[in-house]
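What follows is the residue order along each chain.
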Amino acid sequence: MNATQWDPTRPIISIVDVHKSFGDLEVLKGVSIDVMKGEVICIIGPSGSGKSTLIRCINALNDIQSGSITVEGLEVHDAKLDKLALRRKVGMVFQQYNLFPHKTALENVMMAPIKVLKEPRDEVETRARALIKKVRLEGKEDSYPGELSGGQQQRVAIARSLAMNPDVMLFDEVTAALDPETVKEVLVTIKDLAEEGMTCLLVTHEMGFAREIADHIYFTDRGVIVEHGPPETFFDDAKDPRTREFLSQIL
Amino acid sequence: MNQSIPGINKKAGTDLPVLKPYRGGIVHAPDNLLFSRWLADLPVWFWWALPLLIVVWPGFALAASNYSMSQAFAALIKWIPFIVMDGFLYNVIISFFAMLIGTVTGVVLGLMQVSPLRLIRYPAKFLTQSFRNSPWLVLLFIVLLALPFEVEIGGEIIRIPDWMKAVFGLCLPVMANISEVVRGAIISVPSGQWEAAESLAYSRHQTLWQIILPQCFKRMIPPWMNWYAILTMATPLCSLLGVEELITLSRQAIEAENNRPELLVPFYGFALLIFFAYCYPIARATIALERRYAVKLQ
Ligand SMILES: Nc1ncnc2c1ncn2[C@@H]1O[C@H](COP(=O)(O)OP(=O)(O)OP(=O)(O)O)[C@@H](O)[C@H]1O
Ligand SMILES: [Mg+2]
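For clarity, every value in this text was computed on a predicted model and none was experimentally measured.

Q: Provide a residue-level description of the overall build of chain A, including the pertinent values.
A: In terms of regular secondary structure, chain A is built from ten helices and ten strands. For 251 residues, the compact-globule estimate of 2.2 N^0.38 gives 18 Å, and the C-alpha radius of gyration of chain A, at 18 Å, lies within 12% of that figure. Taken along the three principal axes of its C-alpha coordinates, chain A extends 55 × 45 × 35 Å. In chain A, buried positions account for 55% of the 251 residues. Contacts in chain A between residues at least 24 apart in sequence constitute 64% of all its contacts with a sequence separation of at least 6. Per element, the accessible surface of chain A, about 11,000 Å² overall, is 47% carbon and sulfur.

Spelled out as structure tokens, the structure:
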């Protein structure tokens, strides 16, 4: 849709010198990131360094104090912004899945396109079934979230987000709440997506995965981007001592 | 089962405090169903003891008097149709309508309490807190005395019956408490649900009505039923204001029997029994529903 018209030489997401505080606590201290269409960006960093906050600013779940974020030319923190228009372009998947517990997997996927985009039900249903197949959950269409494992719920959440046909997907530590065995099935789903050319911004602690799929890795610590680069240089040739210390702890 | 767990049946690896498994029963967060739980848990012997007391009491009370147990009992039996059909029926009617009005207004007030607009939220909070924390009897008095006896509609003068005024008086505290039930149910939905809906481009209004409230509905039923039982138990307050209901008519019946003191326990005991018997199934159902939903929502 819109993304096809988007000038591929300009960043699809542009984050420029963003500052964000919660009261007196300054969580983001001048963060800048550009994301090109089709790129996969991984953000890593210690707990509390502001990764979730940053990613939530992109779809206006958090506001910012200064700087600017644009998504496909939409100024995210403009007071006149049509938030709903922005959120149609940006899908988000959370660590805690946040599926709607009173709806089946299929209904979870179908709800927003029908209610928000006002698309016809049968069209949405065809698409939703295809998405459920794509995240490898055939046969689970009529299960309620409570009847699914964490990994299955998370894949439903991904399908639910994709059903809105977003141009960008945000993933905030989507495997952090999962058992080690089920992490893989979710990562495979994200990898498929990345390979199809979806623009993805992920916060993750899965270093091997980040190395495998990321085009670019950003390392944040205490609200600033300490270092960034393509995975090879980032992992094998980190310059900053903080990055090296973090990597030595986690790898 | 025989696995050794550090800090429990094995020496702990550290001397830091160890979190041990909790062994208590089910923990109920702030208990909003206290009344129903108590009523539903009444022991079986209670249902024998209370009627027995009603029957036996007069014999003990004034053993020396010439008024026998069977006479007192006969008096009660004679009056039962009157105090039930002309009395208790009104308690039920009053509680039904007070609940109906209180629920409708309470839901509106509860939704206003979670409005993002201060202009709506603050007055709603104020109303809720003032009616929730006022003595019911005072509210009843105010309404009964403040409401006009008669209203004129199109030249015709209609007298408002007392029981209807009682409905208006009692629906106020019900409204306030239902408002809190609604607010409590809404804020008990995890914030992740709001965020998930918002990130799917739901507006706030859509999120509330399509995502949040459907999840609240089940959670609200047990406390709502609990308030119905409490309201029903409060309807005898109306007798202080002369509204004809169970207690008013029991008093009239005792008077008609020459105010014999032996009759007090049988008549008021019977009133107690009939209230308990009416509310008991409600309390049982409330607790059963609560358990079922607690399991379903994990
Ligand atoms: N709503 C909020 N109100 C106040 N402080 C907040 C809020 N959300 C986050 N913070 C604070 O902002 C800081 C950054 O939080 P954030 O969740 O962005 O970290 P993170 O990098 O995602 O960490 P983690 O890896 O643990 O998820 C933390 O110190 C946190 O306490
Ligand atoms: Mg986080």
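There is more to say after this.
Q: Got a sec to walk through the overall build of chain B? Specific residues and values, please.
A: Per the secondary structure count, chain B includes ten helices and two strands. The N-to-C order of helical and strand elements in chain B reads α-α-α-α-α-β-β-α-α-α-α-α. Approximately 16,600 Å² of chain B is accessible, and the part contributed by carbon and sulfur atoms is 69%.

Q: Could you give an account of the confidence of the model for chain B, naming the residues involved and the relevant values?
A: All names here are of chain B. Averaged over chain B, the pLDDT score is 83; the fraction of residues at 70 or greater is 84%. Within the model, the stretch residues 23-28 combines pLDDT values under 50 with three contacts to residues more than four positions away or in other chains. The ipTM for the predicted assembly is 0.91, set against a pTM of 0.82.

Q: I'd like to hear about the interface of chain B and chain A, residue by residue, with values.
A: Taken together, the 17 residues of chain B in the interface contact 23 residues of chain A. When the buried area of chain B at its contact with chain A is split by residue, Ser199, Leu200 and Ala201 of chain B rank highest and sum to 33% of it. On inspection of chain B and its partner chain A, the count reaches two salt bridges. Measuring nitrogen to oxygen at the nearest pair gives 3.6 Å for the salt bridge that ties arginine 87 of chain A to glutamate 198 of chain B. The tally of links between chain B and chain A comes to four residue pairs in polar contact (both at pLDDT 80 or more). For the side of chain B that touches chain A, the per-class residue count stands at seven nonpolar, eight polar and two charged.

Q: Any details on empty space enclosed by the protein? Residues and values, ideally.
A: Under the definition given, this model contains one cavity of 30 Å³ or more. Taken as a whole, the largest cavity encloses approximately 40 Å³ of empty space. Lining of the largest cavity is provided by Met92, Val93, Phe94, Tyr97, Ala157, Arg160 and Ser161 of chain A together with Ala196, Ser199 and Leu200 of chain B. Sorting the residues of the lining of the largest cavity by element identifies strand S6 (90-93) and helix H6 (150-162) of chain A together with helix H7 (191-199) of chain B as the ones contributing at least two each. At three residues, H6 of chain A tops the list of elements feeding residues into the lining of the largest cavity. Its residues assigned to classes, the lining of the largest cavity comprises seven nonpolar, two polar and one charged.

Q: Run through the sheet that holds S6 of chain A, naming residues and quoting values.
A: All names here are of chain A. Overall, mixed pairing links the six strands, which are arranged S6-S7-S8-S3-S9-S10 in an open sheet. The outermost strands of the open sheet, each flanked by one partner alone, are S6 and strand S10 (224-229). Each adjacent strand pair in this sheet contributes to an overall mean axis angle of 20°, direction not counted. Where strand S3 (residues 40-44) meets strand S9 (residues 216-221), four bridges bridge the pair, whose relative direction is parallel. Directly across from isoleucine 41, in S9, lies its bridge partner histidine 216. Each of S3, S9 and S10 touches helix H10 (residues 241-250); the most contacted strand, S9, lies at about 100° to it.

Q: Account for helix H6 (residues 162-188) of chain B, naming residues and giving values.
A: Taking 1.5 Å as the rise per residue, H6 of chain B with 27 residues should run 39 Å; its terminal C-alpha atoms sit 39 Å apart, in good agreement. Here H6 of chain B lies mainly inside the structure; 19 of its 27 residues are buried.

Q: Can you break down the site of ligand 1 residue by residue, with the values?
A: Residues and elements named next belong to chain A. In the vicinity of ligand 1, 13 residues are found, and the nearest of them are Ser47, Gly48, Lys51, Ser52 and Thr53. Within the backbone of glycine 48, a nitrogen or oxygen atom sits 2.8 Å from an oxygen atom of ligand 1. One of the side-chain nitrogen or oxygen atoms of serine 52 is found 2.6 Å away from an oxygen atom of ligand 1. Taken by itself ligand 1 offers 630 Å² of open surface, and the protein chains cover 58% of this. When residues of the shell around ligand 1 are traced back to their parent elements, those giving at least two are strand S2 (25-35) and helix H2 (51-58).

Q: For the pattern of salt bridges, give the residues involved together with the corresponding values.
A: All names here are of chain A. By the definition in use, this model includes 18 salt bridges over all chains. For glutamate 185, the salt bridge is made with arginine 155, and the minimal N-O distance between the two is 2.9 Å. Remark: arginine 155 occurs in helix H6 and glutamate 185 occurs in helix H7 (residues 180-195); sequence separation between them is 30 residues. Residues joined by salt bridges that share partners form a network here, namely Lys191, Glu195 and Glu212.

Q: Describe the pairing of strand S1 (residues 150-153) of chain B, naming the residues involved and giving the relevant values.
A: Looking down a regular strand, the side chains alternate between one sheet face and the other. Residues and elements named next belong to chain B. Where S1 meets strand S2 (residues 156-159), four bridges bridge the pair, whose relative direction is antiparallel. Bridge pairing links glutamate 152 to isoleucine 157 in S2. Between S1 and S2, which pair antiparallel in sequence order, lie two residues; one of them, glycine 154, sits at a positive phi of approximately 55°.

Q: Residue-level account of the pairing of strand S1 (residues 13-22) of chain A, with values.
A: Residues and elements named next belong to chain A. Sheet topology places S1 next to S2; eight bridges connect them, and they run antiparallel. Looking at the pairing, isoleucine 15 lines up with isoleucine 33 of S2. Adjacent in sequence and paired antiparallel, S1 and S2 are bridged by two residues, among which glycine 23 carries a positive phi angle near 60°.

Q: Before we move on, could you go through a nonpolar patch on the surface and cite the residues and values that matter?
A: Taken together, the side chains of Phe96, Phe97 and Leu100 of chain B define a hydrophobic patch exposed on the protein surface, amounting to about 280 Å² of accessible area. Structurally, phenylalanine 97 of chain B can be placed in helix H3 (residues 69-113).

Q: Could you give an account of the packing of H6 of chain B against helix H8 (residues 204-234) of chain B, with specific residues and numbers?
A: Residue and element names in this part refer to chain B. Contact pair H6 / H8: the axes reach a minimum separation of 8 Å and the direction vectors enclose 140°. Here H8 runs oblique to H6, going by the angle between their axes. The chirality of how H6 crosses H8 is right-handed. When H6 is examined against H8, the residues Leu170, Val174, Asn177, Ile178, Val181, Val182, Ala185, Ile186 and Ser188 are found in contact with a partner set consisting of Leu208, Ile212, Leu213, Cys216, Arg219, Met220, Pro223, Trp224, Trp227 and Leu231.

Basis of the calculations
Residues numbered from 1 in each chain as written. Chains lettered and ligands numbered in written order. Predicted model: local features only at pLDDT ≥ 70, side-chain atom pairs only at ≥ 80, totals over all residues. Heavy atoms only, no water. Helix = DSSP H or I, 4+ residues; strand = E, 2+ residues; numbered from the N terminus. Rg over C-alpha atoms; globule rule 2.2 N^0.38 Å. Buried < 20%, exposed > 50% of the residue type's maximum accessible area, 1.4 Å probe, protein only. Contact = heavy atoms within 4.5 Å. Areas by Shrake-Rupley, 256 points an atom, 1.4 Å probe, with all protein chains shown as cover. pLDDT = per-residue confidence, 0-100. Buried area = accessible area lost by both parts, 1.4 Å probe. Salt bridge = Lys/Arg side-chain N within 4 Å of Asp/Glu carboxyl O. Polar contact = N/O pair within 3.5 Å; in protein donor to acceptor, adjacent residues only side chain to side chain. Nonpolar A, V, L, I, M, F, W, Y, C, P; charged D, E, K, R; others polar. 1 Å grid on protein atoms, 1.4 Å probe; cavity = no way out; pocket = protein on both sides within 12 Å on 5 of 7 lines; lining within 4 Å. Points joined across faces, edges and corners; volume = space filled by probe spheres on them. Pairing = 2+ DSSP bridges. Axes fitted to C-alpha atoms, helices over the stretch in contact; angles between N-to-C directions. Expected span 1.5 Å × (residues − 1). Near = heavy atom within 4 Å. Patch = residues over 30% accessible without salt bridge, like charges linked within 9 Å, V, L, I, M, F, W, Y side chains within 5 Å. Parallel < 35°, antiparallel > 145°, perpendicular 65-115°, else oblique. Left-handed = near helix turned anticlockwise from the far one by under 90°.

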